Amino acid sequence: MNLQKLLRLVWQSIRRSKRDFLFSSVGIIIGISTLLFFTSLGTGIKETVLERVFVVRQLEVIKKTYDVGAFQSEGLFGAKKLDDSLIEKLQKVEGVRSVYPKMKLTFPTGAFGGKQLIGKDVRGELVADGLPAELITEEEVDPTLEVVFKDYEAISCKQKSDCPTAYTCGDKGVCVGEPCEARRGEESEACEGAAYCHADRKQCMIPIPVVASPKMLEIYNGSIHTALSGSSGALSKLPKLSKKALVGFEANALFGRSFFLGDSAGGKQDVRRVRLVGFSDKAIDLGATFPIGYVKRLNAIHSGREEAGKEYHAVVVETESNDVTASVAQQIEEMGFALSDKFENAQRASLLILLITVIFNLISAIILAVAAVNIMHTFLMLILERRRELGLLRALGATRAQIRMLVLSEATALGLIGGSLGIGVGFLATRLVDSIFQSQVQDFPFKPETLFGFAPWMFFMCLGAALFFCWIGALLPAIRASRIDPAAALTGR
Amino acid sequence: MNIRVEGLQKSYGKGELRTSVLEDIAFGIDPGEFVAIMGTSGSGKTTLLNIMGGLDRDYRGHVSVGPNELAKLDEKQLARLRNAKFGFVFQQFHLLDHLTSLENVSIPRFFDADAAEESQALARARELLTTVGLGEKLDSYPSELSGGQKQRVAIARALFNCPEVIFCDEPTGSLDRSTGLQILELFQRLNRDEGISLIMVTHEEHIARLATRIIRLEDGVLVSDEANTPKKPAATTLEDGAGPQEEE
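Predicted model, so just to flag it, every value in this text is computed and none were measured. (Residues numbered from 1 in each chain as written. Chains lettered and ligands numbered in written order. Predicted model: local features only at pLDDT ≥ 70, side-chain atom pairs only at ≥ 80, totals over all residues.)

Trainee: What should I look at first to understand the nonpolar core in this one?
Mentor: In summary, soluble globular proteins display a tendency toward joint burial of nonpolar side chains. Of all hydrophobic cores here, the largest spans 119 residues; its most connected members are Ile37(B) and Ile199(B). Looking at which element gives the most residues to this core, the answer is helix 2 (residues 18–53) of chain A, with nine residues. Beyond its immediate stretch of four places on either side in the chain, Ile199(B) contacts Ile29(B), Val35(B), Ile37(B), Leu49(B), Met52(B), Val165(B), Phe167(B) and Cys168(B). Counting 63 residues, the second-largest nonpolar core is a separate cluster that includes Phe149(A), Cys163(A), Val317(A) and Val328(A). (Core = buried A, V, L, I, M, F, W, Y, C linked by C-beta atoms within 7 Å. Buried ≥ 20, exposed ≤ 12 C-beta atoms within 10 Å, placed from the backbone. Helix = DSSP H or I, 4+ residues; strand = E, 2+ residues; numbered from the N terminus. Contact = placed C-beta atoms within 7 Å.)

Trainee: Please explain the interface of chain A and chain B as it appears in this structure.
Mentor: At the interface, 20 residues of chain A touch 21 residues of chain B. Among the elements of the structure, helix 1 (3–16), helix 10 (387–395), helix 11 (400–440) and helix 13 (486–491) of chain A are those that each provide at least two residues to the side of chain A that touches chain B. If one sorts the elements of the side of chain A that touches chain B by residue count, helix 1 of chain A sits on top with five residues. The class makeup of the residues in the side of chain A that touches chain B is nine nonpolar, five polar and six charged. (Nonpolar A, V, L, I, M, F, W, Y, C, P; charged D, E, K, R; others polar.)

Trainee: Please explain the environment of Ala125(B) as it appears in this structure.
Mentor: Residue and element names in this part refer to chain B. Within the fold, Ala125 resides in helix 4 (residues 118–131). Under the C-beta neighbour-count criterion, Ala125 is labelled buried, with 26 such atoms within 10 Å. Sequence separation between Ala125 and Leu102 is 23 residues, and the spatial gap between their C-alpha atoms is 5.8 Å. Apart from the residues within four sequence positions on either side, Ala125 is in contact with Leu102, Val105, Ser106, Ala156 and Phe160.

Trainee: Mind showing me how you'd approach the sheet that holds strand 5 (residues 68–69) of chain B here?
Mentor: Through backbone hydrogen bonds, the strands of a sheet pair up, either in parallel or in antiparallel fashion. Residue and element names in this part refer to chain B. One open sheet holds the four strands; their spatial order is 2-1-4-5, and the pairing between them is antiparallel. Of all the strands in the sheet, just strand 2 (19–29) and strand 5 have a single pairing partner and so form its edges. As paired elements, strand 4 (residues 60–65) and strand 5 share two bridges and run antiparallel to each other. In the strand pairing of strand 5, Val65 is matched with Asn68. (Pairing = 2+ DSSP bridges.)

Trainee: I'm lost on the packing of helix 9 (residues 341–385) of chain A against helix 12 (residues 456–482) of chain A in this one. Help?
Mentor: When two helices pack together, you describe them by how their axes are tilted relative to each other and by the distance separating the axes. All names here are of chain A. One can describe the packing of helix 9 onto helix 12 by two numbers: an axis separation of 8 Å at closest approach and a directional angle of 30°. Accordingly, the angle class assigned to the pair helix 9 and helix 12 is roughly parallel. Regarding helix 9 and helix 12, the two cross each other, and that crossing is right-handed. Together, Leu368, Ala369, Ala371, Ala372, Val373, Ile375, Met376, Phe379, Leu380 and Ile383 of helix 9 and Ala465, Phe469, Cys470, Ile472, Gly473, Ala474, Leu476, Pro477, Arg480 and Ala481 of helix 12 make up the contact between the two elements. Its residues placed into classes, the contact of helix 9 with helix 12 shows 18 nonpolar, one polar and one charged. (Axes fitted to C-alpha atoms, helices over the stretch in contact; angles between N-to-C directions. Parallel < 35°, antiparallel > 145°, perpendicular 65-115°, else oblique. Left-handed = near helix turned anticlockwise from the far one by under 90°.)

Trainee: How do you make sense of the pairing of strand 1 (residues 58–62) of chain A when you look at a structure like this?
Mentor: In the case of a regular strand, side chains alternate between the two sheet surfaces. Residue and element names in this part refer to chain A. As defined by bridge partners, strand 1 adjoins strand 18 (residues 314–319) across four bridges and the pair is classed as antiparallel. Bridging across to strand 18, Glu60 finds its partner in Val316. Pairing of strand 1 with strand 19 (residues 338–339) involves two bridges; the strand directions are antiparallel. When the bridges of strand 19 are listed, Ile62 appears paired with Ala338.

Trainee: So what exactly am I meant to see when it comes to unusual backbone geometry here?
Mentor: One can expect most non-glycine residues to show negative phi and most peptide bonds to be in trans. Residue and element names in this part refer to chain B. The backbone of Glu170 sits at a positive phi, close to 45°, despite the residue not being glycine. Tracing the sequence through the fold places Glu170 in the loop between strand 7 (165–169) and helix 6 (177–194). On the basis of neighbour count, Glu170 is assigned to the buried category, with 21 C-beta atoms found within 10 Å.

Trainee: In this structure, what is going on with the sheet that holds strand 3 (residues 34–39) of chain B? I would like to understand it.
Mentor: Residue and element names in this part refer to chain B. Taken in spatial order, the six strands of this open sheet run 6-7-8-3-9-10, and their pairing is mixed. Taken across any chain shown, the strands that pair with only one partner, and hence form the sheet edges, are strand 6 (86–90) and strand 10 (221–227). Between one strand axis and the next, the sheet turns by 15° as a mean value, whatever way the strands run. As paired strands, strand 3 and strand 9 (residues 213–218) are joined by five bridges and run parallel to one another. Within the sheet, the bridge partner assigned to Ala36 lies in strand 9 and is Ile214. The strands that helix 1 (residues 45–52) touches are strand 3, strand 7, strand 8 (197–202) and strand 9; relative to strand 8, the one it contacts most, it runs at about 155°.

Trainee: For this particular structure, what's the right way to read the confidence of the model for chain B?
Mentor: A low pLDDT means the predicted coordinates there should not be read in detail. All names here are of chain B. Mean pLDDT over chain B: 86, with 93% of residues reaching 70 or higher. Below a pLDDT of 50 lies the segment residues 233–248, which in the model reaches 22 contacts outside its immediate sequence neighbourhood of four places, other chains included. Two numbers describe this predicted complex: its pTM, 0.66, and its ipTM, 0.88. (pLDDT = per-residue confidence, 0-100.)

Set out below in C-alpha cells:
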C-alpha cells in the first residue's frame, strides 16, 4: 500500500470518526500547548537571568583568599598574581573563547557633574575599572562617534597627521595634546573637536572615554526612577533614561581625592573630564569602565607603587557556551585561582531555572501521558466499533501489517493535527501572557521585553512529543486491530 | 481455478469442551462451477466457506485453491490471493457506512500492489456499479440505499479485481424473496457469462436449486454432493443497466 492510498484510507477513517478524533486530540492540544508554554517560558527567563543578570558564560577569575576570622587573607606566601602570563595560560584552556583583564582604580577617586542632565552638579565617589579597548564592539560603542572607546594618550605616531584633532606627535612617538590656555571650567578655542583645554596641564585633551553597564540603566529605570518620583526637588522630575540619551554625557573625575576616603597615597591629584561613549555587558556593574591603558597609568601615578599598573584585579574568561562553563571553572580552580561570587550566583540561578523548567515540563509530560492513555482508550473503543470494518479490510486483501500501519497512521494524523493545534494554542497563550505582563506588571530592573524565548527546535520537539505520545497510545490498539480474525469479525462471533 | 478439500476437520474449544464443526470433509470444485453449500444453522457451512476463502486458517486437513495449498501460504500471500483471486459477498453486505457506493466498490484497490491509478480505479468501480444497475447511485451512502441495492454494491466490490471465485455467505438472507431472486439472477449471469466460480452458502432449498451443484452438510458432516439443473435465469439482463427496480 503506497503512501497516497494510505493517506486516502486515513482520511476516510478521520472523516468517519470526526468526533472521536476531536475528543482524542483535546488532550494532545492541551499537553503540547503546555509543553511549548513552559519550555519557552524557561528559555525566556534563562535568557534574561543568565545572559543579562548573571552572565554564566563570563567567569571572573580573582585571587584565591582564605577566611581568617572576620577577614580574608591571601595566605602565608601571598596569592598567585593575575598578570599577562596568566592570561596567556587561560587562553589555552579548552572551551575558552576569550580572556581579558580587568584593572580597578586603586586609589580614592571622586566625581562631580550632571548639570547638563539634571540642571545642577552633584558630587560623589567614582568606582572605576579598565578593560582592553578592543573588547568593546561596534554594537556597544558607535564607531562614528567623535570620541570612541580607545586610549587617546597611547596613540603611536610619527607625524601630527597620525594623531587625533587637537593632538600632535610628541617626542616619545606618542600623541600629546596641543598647548592651550584656559581657566578651570572654561573652554578654549585652541582645542578643536571633542578636546577641551586642561587648565592645569595647559594642553588640549580628549575626555577619557568610558562605558557603563546596561544593568545600571536597568536599575535606574526600574527602581531608582520610581523611588525618585516621590522625592522633592529637581530629581523627582527626572525622566526615564535611554542609552541613546546618555551617550555623550560628560562629568569630571577627581583622581587622587575622594569626598569620603580622603587623598591618595601618591599624593597627586588630577581633574579629568570623562565622557560616556556607550554601554557594555563587560563594564563594571556599578561605576565606569575606562580603556585599561588609562587605569594602568593612573594607578602607577596615584597609588604610589609602580607595580599597581601591572597587576590585574580580575581576569574575565568568556567560555564558548554555557555547557562548558562548569568544566572551564574547574580547570581555573585547579590552577590555584578563585572565581567571583557571580559564577556561583549564575550557577544557582541556572540550576533553579532548570529545576523549574523541568518541573513544569514534567507536568506537560504528565498531561501528554494522560492524553496517550485517553488516545489508547479511544482507539481501543474505535477498534472495537470498527471490528467488522477491519475484518472486511482483511477479507479484501489487507495484511496484518497494513492494518497496523493504518491505525498508526491515523494516530500520526492525530499527532500532527493535535500537535500543530497545540503549538498554535501554546503560542497564542504566550502572546497573551506577555501582553498582560507588559501592561499590568510595573517596571523593575531587567524587566524583559518578553518572558518567552523561542527556538525552532521547540516546535519540532512539540510535534515530536505529540507524535510520540499518539504512537504510544495507538500501539496496543494497532496490534489488537491487526490480530482481528476476519472470519470471526465478519460473522459476528 | 479449481478448489480441492481433503480430510478437512475443524473444531472449537479444548478437551471436554471441544466441539467438532467440520468432520473429514472432502470434495473438489472445478473452475466455473456454481456450487450451493446447504445445511441448517450450525451445520458448519459458513465455517467451510471461510476456510476455502482463506479467512479462517485454524483447521486440519488440506484445502488448495489452484496450485496453492492454503495452509502453506504465509499471511501476505494469502492476503494477496484474497485480494486478487477471490470475491466475497456477505449476508450483512458489510459496506462501510462512511463511504459512497463508488468508494466502497473501490476498497480492494488499496491493498493491490499493482492497482491502477485512482482515476482508473474509480472508472472501474463506476462501470461495475452501472453493470449491477446502480449507475444512478454512485455517490449514495449505504444509508441511502435499499437492502438489494446494498447487496449489488457488495457484488460490484467483489467483482472489482476480476476474481476467479466468489464466495457468498447467505447473500439473500437479509433481502425479501423478490429482491433475493434478482440478486441470484445476477449471480447466475456472472457465472454463466463471466465464467466466475460461485460458492454460495444457504439454508434455503429454493435458493440452492439455482446452483449447478448442491453440497449438503449436517452437523459438520458432508451428507450429499449432487449435480443440479438450475432454473432458467430470469429475462432481466445485466447489460440492460436497469437491474431490477425495488423499493428503497
